[in-house]
Amino acid sequence: MSFLKIRSGSSSNLNNNNNLRLTLARSFLGNLKNDEKFDPRIRNVGILITIPMVFAAGPIVGFLIGYWLDQKFGSDPWGKTILSLLGFVASIRQVVELIKDATKDTNHD
Amino acid sequence: MIEETAHSAAHKAAASHEAAHEGLKELANWITLVNERWHDVPFVNVLHQWENVVFSLTAAFFLIILSFFATRKKSLIPGPLQNVLELAVESFENLVTGIMGPRGRAYVPFIATLFIYILTQNFMGLVPGLKAPTSSLNTTVGLAICVFFYVQGIGIKQNGIFGYIHHLMGSPHDIVGWIMVPLNFPLHILQELIKPMSLSLRLFGNILGEDSLIAAFVGLGILSLSFIHSPIGLPLQFPFFLLSMLLGTIQALVFSLLSTIYISLMLPSSAHETA
C-alpha cells in the first residue's frame, strides 16, 4: 500500500492529476455530475429491455402456481389453465406499467 | 482418424462440462479440474456440487477485501482505489436519485451493492479458472428473491400493512375500483411474483448464453488447429470476450435499474401515480 501513500501525498500536481483523471472517468461514464440527473435514455433502455422477459415470466409464474394448486386440490387441468391465462394478463399489466414509467420521464424532459 | 483426434482434442482442451443443461457447455474452472483429478475425495465432490456458491463467495470476499483496502486510509485527496470506489458510489447515487428523487438516497447501498456484486460475478466468467456464478439459475433466483423481499418490506414499511394491502388491491378509490378488487388482487400478486422471475431469467439466460458462446468458440479454435496436433488453439473467442464484457455490464445495470424502479413503484406517492 506504499503506492497509495505516495499517490495521496499532497503535492498540487498529484491533486490536479487526480482531478483530471476523475473528470475523464466521469465523462466516460456518461456525463455524471453531482447535480445532474441520470440520463433518462439509459433508464428507458433498461426498462424496455425487460419487456420480452416479463411476457415470458407471467405465464411461467401462473403455470407454476396453477401446477401447485392442481396437486393440492386435484383440479388437474383447470388451475394450470386459468392461472397461466391470469399470468399472461398480469404480464400485460406489468408491461403497461413499465411503459408508462418509461414514457413518463421522457415527457418531463 | 483426424476427425476423431479433433473431437477428442476439442473435448479435452475445452474441458467443458455439462452444467445441468443438456447440450450447453461451459469452460472448465479450477473446481472442474480438481474434480477430474481427485474424483474420489468427498470434499472435492462437495466443492463440485456447490461450485456456484463457492464462486459467489469468492466474488463476495474479493469485494470485501477491495473495500477494506480502499477505505482503510481515507484521505481528502483520494488514492486510485478510493477514487474509483468513490466514483462508483457517486454514480450510483446519481442513478438512484435521478429515478426516485432525493428520498432514493436511502436505497443506494443496496442497489449499488447489487450492481457491483453482479458485475463482479459476470466478469468472473472471463477469468481463466473461474466461472460466472450468474450463469446458474440458482444464483440469479437467490438475488431476485432478495430484491423481492426487500421491495415488499419497503412497501409494508412505507405504506403500513393496510396501505400495502390497499396497494395490492390496485388502490381502489371508487365503487368500480372496489368491484374490480377480486380480479385486481390476484393479478397484482402475480405481478409482484413476475418481477423476480423476469429479473432472474434475464440475467441467467444472458450470462449462460455468453459463457456457452465463449466455450463453443474455444472449442472451435482448438478444432481449427487440431490437424497439426497443436496443444493450443486459435483465440477465436476473443471478440466474444469483449461482447461478454459489454453485455455483463448492461445486465448488471439493468438488474439494479429495475430493482430501483420496483422500489420506486412501491413507495406511497408512486403508488398513487401509477394507480
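Our structure's up above, just so we're on the same page.
For clarity, every value in this text was computed on a predicted model and none was experimentally measured.

Whenever I open this one, unusual backbone geometry confuses me. Can you help?
Of all residues except glycine, most have a negative phi; of all peptide bonds, most are trans. Residues and elements named next belong to chain B. One non-glycine residue, serine 171, adopts positive backbone phi at about 45°. Structurally, serine 171 is set in the loop between α7 (137–168) and α8 (175–179). Look at serine 171 and you get buried, because its relative accessible area is 6%. If you check the backbone angles, histidine 229 has positive phi at about 55° while not being a glycine. Relative to the elements of secondary structure, histidine 229 occurs in the loop between α9 (181–224) and α10 (238–266).

It is not clear to me how the packing of aromatic side chains should be interpreted in this structure. Could you clarify?
All names here are of chain B. In total, this model carries nine aromatic pairs over all chains according to the counting rule given. Arranged with centres 4.7 Å apart and planes meeting at 45°, the rings of phenylalanine 92 and phenylalanine 115 form a pair that is tilted. With phenylalanine 92 in helix α5 (residues 80–100) and phenylalanine 115 in helix α6 (residues 108–124), this residue pair connects regions lying 23 residues apart in the sequence. Side by side, phenylalanine 92 and phenylalanine 115 carry an identical accessibility label, which is buried.

Is there a simple way to think about the packing of helix α2 (residues 30–37) of chain B against helix α3 (residues 42–49) of chain B in this case?
Residues and elements named next belong to chain B. Running from amino to carboxyl end, α2 crosses α3 at an angle of 145°, the nearest separation of the two axes being 9 Å. Both α2 and α3 take part in a crossing whose hand is left-handed. Residues Trp30, Ile31, Thr32, Val34 and Asn35 of α2 lie in contact with α3, whose contacting residues are Val44, Asn45, Leu47 and His48. Residue composition of the contact of α2 with α3, by class: five nonpolar, four polar and no charged.

It is not clear to me how empty space enclosed by the protein should be interpreted in this structure. Could you clarify?
Empty pockets left among the atoms are what a rolling probe the size of a water molecule brings to light. All names here are of chain B. Under the criterion given, the structure shown has three cavities of 30 Å³ or more. Quantified by volume, the largest cavity comes out at close to 70 Å³. What lines the largest cavity is Glu26, Leu27, Gly125, Leu130, Lys131, Ala132, Asp211 and Ile214. If you go around the second largest cavity, the residues you meet are Ala144, Val147, Phe148, Val151, Gln152, Glu192, Lys195, Pro196, Leu199 and Tyr262. Those elements that provide at least two residues to the lining of the second largest cavity are α7 and α9. Here the element with the most residues in the lining of the second largest cavity is α7; it accounts for five residues. When its residues are assigned to classes, the lining of the second largest cavity shows seven nonpolar, one polar and two charged.

When you look at the environment of Pro196(B) in this model, what are you seeing that I'm missing?
Residues and elements named next belong to chain B. If you trace the backbone, proline 196 turns up in helix α9. Residues proline 196 and valine 141, 55 residues apart in the sequence, show an inter-C-alpha distance of 7.3 Å. With sequence-adjacent residues up to four places away left out, proline 196 is seen in contact with Ala144 and Phe148.

Could you clarify how one ought to interpret the pattern of salt bridges in this entry?
Two side chains that carry opposite charge are able to pair once their charged atoms sit near each other. All names here are of chain B. Applying the stated criterion across every chain yields a total of four salt bridges over all chains. Across the pair glutamate 51 and lysine 131 runs a salt bridge, and its minimum N-O distance is 3.6 Å. With glutamate 51 in helix α4 (residues 51–72) and lysine 131 in the loop between α6 and α7, the pair connects residues that are 80 residues apart, well separated along the chain. Of the two residues, glutamate 51 and lysine 131, both sit in the buried class. Close ionic contact of glutamate 192 with lysine 195 constitutes a salt bridge, the shortest N to O distance being 3.1 Å. On the criterion of helical spacing, the pair formed by glutamate 192 and lysine 195 is a turn pair, its members being three residues apart in helix α9. Side by side, glutamate 192 and lysine 195 carry an identical accessibility label, which is buried.

Help me understand the side chain of Gln82(B) in this model?
Residue and element names in this part refer to chain B. As for its position among the elements, glutamine 82 is in helix α5. For glutamine 82, a relative accessible area of 9% gives the class buried. Glutamine 82 has contacts with Ala70, Lys73, Lys74 and Ser75, leaving out every residue within four places of it along the chain.

Rules of the game
Residues numbered from 1 in each chain as written. Chains lettered and ligands numbered in written order. Predicted model: local features only at pLDDT ≥ 70, side-chain atom pairs only at ≥ 80, totals over all residues. Heavy atoms only, no water. Helix = DSSP H or I, 4+ residues; strand = E, 2+ residues; numbered from the N terminus. Buried < 20%, exposed > 50% of the residue type's maximum accessible area, 1.4 Å probe, protein only. Phe/Tyr/Trp six-rings, centres within 6.5 Å; stacked < 30°, edge-to-face > 60°. Axes fitted to C-alpha atoms, helices over the stretch in contact; angles between N-to-C directions. Left-handed = near helix turned anticlockwise from the far one by under 90°. Contact = heavy atoms within 4.5 Å. Nonpolar A, V, L, I, M, F, W, Y, C, P; charged D, E, K, R; others polar. 1 Å grid on protein atoms, 1.4 Å probe; cavity = no way out; pocket = protein on both sides within 12 Å on 5 of 7 lines; lining within 4 Å. Points joined across faces, edges and corners; volume = space filled by probe spheres on them. Salt bridge = Lys/Arg side-chain N within 4 Å of Asp/Glu carboxyl O.

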